[in-house]
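Take a look at the letters that make up each chain.
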Amino acid sequence: MDWKFLQGLLSGVNKYSTAFGRIWLSVVFVFRVLVFVVAAERVWSDDQGHFDCNTRQPGCTNTCYNYNFPISHIRLWALQLIFITCPSFMVVLHVAYREERERKYRAKHGENSRLYGNTGQKHGGLWWTYLLSLFIKTAFEVTFLYLLQLIYKSFQLPRKVQCDVKPCPNLVDCYISRPTEKTIFTYFMVGGSVLCVILNICEIFYLIASRVVNLKHRGSVHTSSKNMMFH
């Protein structure tokens, strides 16, 4: 997968993000995508080939691997990274829509006329789009963490798993390659996901608090102007 393409697309989101959003992007690319591409993919590169069972029954090893690992950690994380970054494009598309409206407005009313003070400023519909993208990203993060826990029951990979599904002749022991290393990477990726959830929640509260403060400020300014008119 070409992660540079995704990085190039998300770099445009950075200039519309808050401080929390910029930290989130740094965490995603430095502590998750970079670790995923450089190290984690290699650790799981031939996971099935090094999955060894104490039987030579044809098909037993493959069946046991599929039974214990219905989806590989690495593929689940790849899906997770794609899903959590896609909502950010909602903001980019909304800004592009505003810029197109601004271009048409200037073409109709002259270059000195403006429809928006700043097409990237988070107010009106763009504020709601940005807030919605944060809720969607948080929901995806929590969903994938839940799926990882639901499928594997634990974030720690055991050294040995047991399997008695057909065509295995009896209860067989199977051994996972690099269980300690995989456990470390699993905890690292889970920790990065939890950190991103915390950053998303902080950014949600920051956006709402900023909106409330701005509305109160506008209300006080409006009240002051009315009082000056009456005096």
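What comes next is a walk through the structure. (Residues numbered from 1 in each chain as written. Predicted model: local features only at pLDDT ≥ 70, side-chain atom pairs only at ≥ 80, totals over all residues. Heavy atoms only, no water.)

## Details of the pairing of strand β2 (residues 160-163)
Side chains V161 and C163 of β2 all project onto a buried face; the interleaved residues K160 and Q162 project onto a face where none is buried. Two strands pair when backbone bridges link them, and β2 and strand β3 (residues 172-175) are joined in this way by four bridges, in the antiparallel orientation. Looking at β3, one finds that K160 is bridged to Y175. (Buried < 20%, exposed > 50% of the residue type's maximum accessible area, 1.4 Å probe, protein only. Helix = DSSP H or I, 4+ residues; strand = E, 2+ residues; numbered from the N terminus. Pairing = 2+ DSSP bridges.)

## Description of helix α6 (residues 125-152)
Side chains three or four residues apart in an α-helix point the same way, a direct result of the helix having 3.6 residues per turn. Over its 28 residues, α6 runs 41 Å from end to end, which matches the ideal 40 Å to within 8%, given 1.5 Å per residue. Within two residues after α6, K153 carries a phi angle of roughly 65°, on the positive side. (Expected span 1.5 Å × (residues − 1).)

## A word on the environment of I208
In this fold, I208 is placed in helix α7 (residues 179-230). For the pair formed by I208 and L131, sequence separation is 77 residues and the distance between their alpha carbons is 8.7 Å. Leaving out residues up to four positions away in the same chain, I208 has contacts with W127 and L131. (Contact = heavy atoms within 4.5 Å.)

## Some thoughts on the packing of aromatic side chains
As enumerated under the stated definition, the model contains 10 aromatic pairs in all. Centre to centre, the rings of F51 and F69 are 6.1 Å apart; their planes meet at 90°, and the pair counts as edge-to-face. Of this pair, F51 sits in the loop between α2 (19-43) and β1 (52-53) while F69 sits in the loop between α3 (60-68) and α4 (73-85), and the two are 18 residues apart along the sequence. Comparing F51 with F69, the two get one shared label, buried. (Phe/Tyr/Trp six-rings, centres within 6.5 Å; stacked < 30°, edge-to-face > 60°.)

## As for the pattern of salt bridges
Taken as a whole and judged by the stated rule, the model has one salt bridge. Among the ionic pairs, R32 bridges to E141, the shortest N-O distance being 2.7 Å. Here R32, found in helix α2, pairs with E141, found in helix α6; they are 109 residues apart in sequence, far enough to count as distant. The pair R32 / E141 is uniform in exposure class, with both members buried. (Salt bridge = Lys/Arg side-chain N within 4 Å of Asp/Glu carboxyl O.)

## Comments concerning the state of the cysteines
Considering all chains together, one arrives at three disulfides under this definition. Residue pairing for C60: its cysteine sulfur links by disulfide to C168, the two sulfurs lying 1.9 Å apart. Judged by the sign of its S-S torsion, about 100°, the cystine formed by C60 and C168 is right-handed. Remark: C168 occurs in the loop between β2 and β3 and C60 occurs in helix α3; sequence separation between them is 108 residues. In terms of burial, C60 and C168 fall into one category: buried. Across a sulfur-sulfur distance of 2.3 Å, C64 and C163 are joined as a disulfide pair. On the sign convention where negative means left-handed, the S-S torsion of about -90° between C64 and C163 marks this disulfide as left-handed. Taken as a pair, C64 in helix α3 and C163 in strand β2 lie far apart in primary sequence, 99 residues in all. (Disulfide = S-S within 2.5 Å.)

Honestly, that's just the spatial picture; any functional story needs more than this.
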